[in-house]
Amino acid sequence: MTSKADEALGYEQARDELIEVVRRLEAGGTSLEESLALWERGEELAKVCRRWLEGARARLDAALAEEAQQDETEGSE
C-alpha cells in the first residue's frame, strides 16, 4: 500500500529515489533484511512512477482526442 507521503512525491523525485534503491541493491553488501526493505521501497516507488506515467498518458490521449474532434469539426464547416 502506498503511503500519503509517496502519493505526494513528484515523478522525478520518485524516479530518482528508485534509481538510488536499484543502485544500492546492485552494489550488494547489504543484509537480507535491508535488501528486502530496499526491494519493498523500490516496488512502492515504481507504483508511484507508474501512476504518474498513466496519468500523463491519459492527459495526452485526451488532448489528442480533443484535437482530432476539433479537426473534424473544422473540416465539416
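A short tour of the structure in this document, coming up. As the structure is a prediction and not an experimental result, all values here were calculated from the model.

As for the nonpolar core
Taken as a class, soluble globular proteins show a tendency for nonpolar side chains to be buried jointly. Core analysis: the largest hydrophobic core is formed by 7 residues, namely L9, A14, V21, L38, L45, V48 and C49. Listed by contribution, the elements that provide at least two residues to this core are α2 (11-27) and α3 (32-75). Looking at this core, the element that brings in the most residues is α3, giving 4 residues. Residues within four places of L9 in sequence aside, it is in contact with A14, E17, R41, L45, V48 and W52.

Quick notes on α3
For α3, built from 44 residues, the straight-helix expectation of 64 Å at 1.5 Å per residue is met to within 8% by its first-to-last C-alpha distance of 63 Å. Among all positions in α3, only L38, G42, E44, L45, V48 and C49 are buried.

What counts as what
Sequence order sets the numbering: in each chain, residues are counted from 1 along the sequence as written. Only residues with pLDDT of at least 70 are given local features in this predicted model, and only at 80 or more are side-chain atom pairs given and counted; all residues enter the totals for whole chains, interfaces and linings. Note that the side-chain values use all heavy atoms of the structure and ignore hydrogens as well as water. By convention a nonpolar core is built from buried Ala, Val, Leu, Ile, Met, Phe, Trp, Tyr and Cys residues, the set being connected through side-chain atoms within 4.5 Å. Throughout this description, buried means an accessible area under 20% of the type-specific maximum (1.4 Å probe, protein chains only), exposed means over 50%, and partly exposed covers the range between. Elements are defined by DSSP. Helices are runs of H or I of four residues or more, strands are runs of E of two residues or more, and each kind is numbered from the N terminus. Residues are treated as being in contact if the distance between any of their heavy atoms lies within 4.5 Å. To estimate the expected span of a helix, subtract one from its residue number and multiply by 1.5 Å.

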